[in-house]
Amino acid sequence: AFATPERVRYAETVPVPMPDLARWEPGVRAAPYLRALGQERPVVLVLLDARHARIFLRQNGALDEVEGFRADTFLGDLSDMHTGKRPTTRSGVRGQTSTDAAQRLLEVSSERMVKALVEAVTRQVGDHGFLIVGGTPERVSKVANAVPKGVASRVHEAPSLHVDMSTSEVREAIEAIAGRMRRDYQ
């Protein structure tokens, strides 16, 4: 709060503990309140693997799981995928095995998921937020490399985090990493 002898000029709650301070002097003493400004910066945490992604948003002291993405993993029957059975004097089947076809289809679906994920996360991070990406190392690097250049300096790769983390584990990780990111960015 900011007050004058006549009245309270401004008062608001903040999501972090603030020092008790009472001063009567000309001008504004805002330095102790700069700590609260860091809580307004959005921090987006993405946890992903090849099949799905979870997105968390930490802002103003609150942590919310905001959105999730899933890759299309339904493949149907691939038993005769791309096989060429022609009468020949040799035995065997030409073409692609169903395992190879399934792997290729899953990779394409995962790439689509990463593209949609990066678009959504970039909107949430905005012009001044931080992005933390955790999960399988190959997906973490794909997301980190796909973000726009304006966001790239505010991305932290954390492959030690995994997609099945509990909310309390996510809260601890995001607080620790976001604190380091704020210090480094400043």
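Note that the structure is a prediction, hence the values are computed from the model and not measured.

Attention shifts here to helix 3 (residues 137–146). Considered for burial, the residues of helix 3 that qualify are Arg-139, Val-140, Val-143 and Ala-144. Looking straight down helix 3, one finds that the buried residues subtend no more than 130 degrees of arc, so they occupy a single side. In helix 3, the exposed positions angled more than 90 degrees off the buried face are occupied by Pro-137 and Asn-145.

Below, the discussion takes up the pattern of salt bridges. Summed over the entire model, instances satisfying the criterion amount to 4 salt bridges. Between Glu-175 and Arg-58 there is a salt bridge; the shortest N-O distance is 2.6 Å. With Glu-175 in helix 5 (residues 167–185) and Arg-58 in strand 4 (residues 52–59), this residue pair connects regions lying 117 residues apart in the sequence. Classification of Arg-58 by relative accessible area gives buried; the value is 1%. A salt bridge links Glu-111 to Arg-139; the nearest nitrogen and oxygen atoms lie 4.0 Å apart. Of this pair, Glu-111 sits in helix 2 (residues 98–125) while Arg-139 sits in helix 3, placing them 28 residues apart in sequence. Judged by its relative accessible area of 32%, Glu-111 falls in the partly exposed class. One connected set of salt bridges, linked through shared partners, spans Glu-111, Arg-139 and Lys-142.

About the cut-offs
Residues numbered from 1 in each chain as written. Predicted model: local features only at pLDDT ≥ 70, side-chain atom pairs only at ≥ 80, totals over all residues. Heavy atoms only, no water. Buried < 20%, exposed > 50% of the residue type's maximum accessible area, 1.4 Å probe, protein only. Helix = DSSP H or I, 4+ residues; strand = E, 2+ residues; numbered from the N terminus. Arc of directions from axis to C-beta. Salt bridge = Lys/Arg side-chain N within 4 Å of Asp/Glu carboxyl O.

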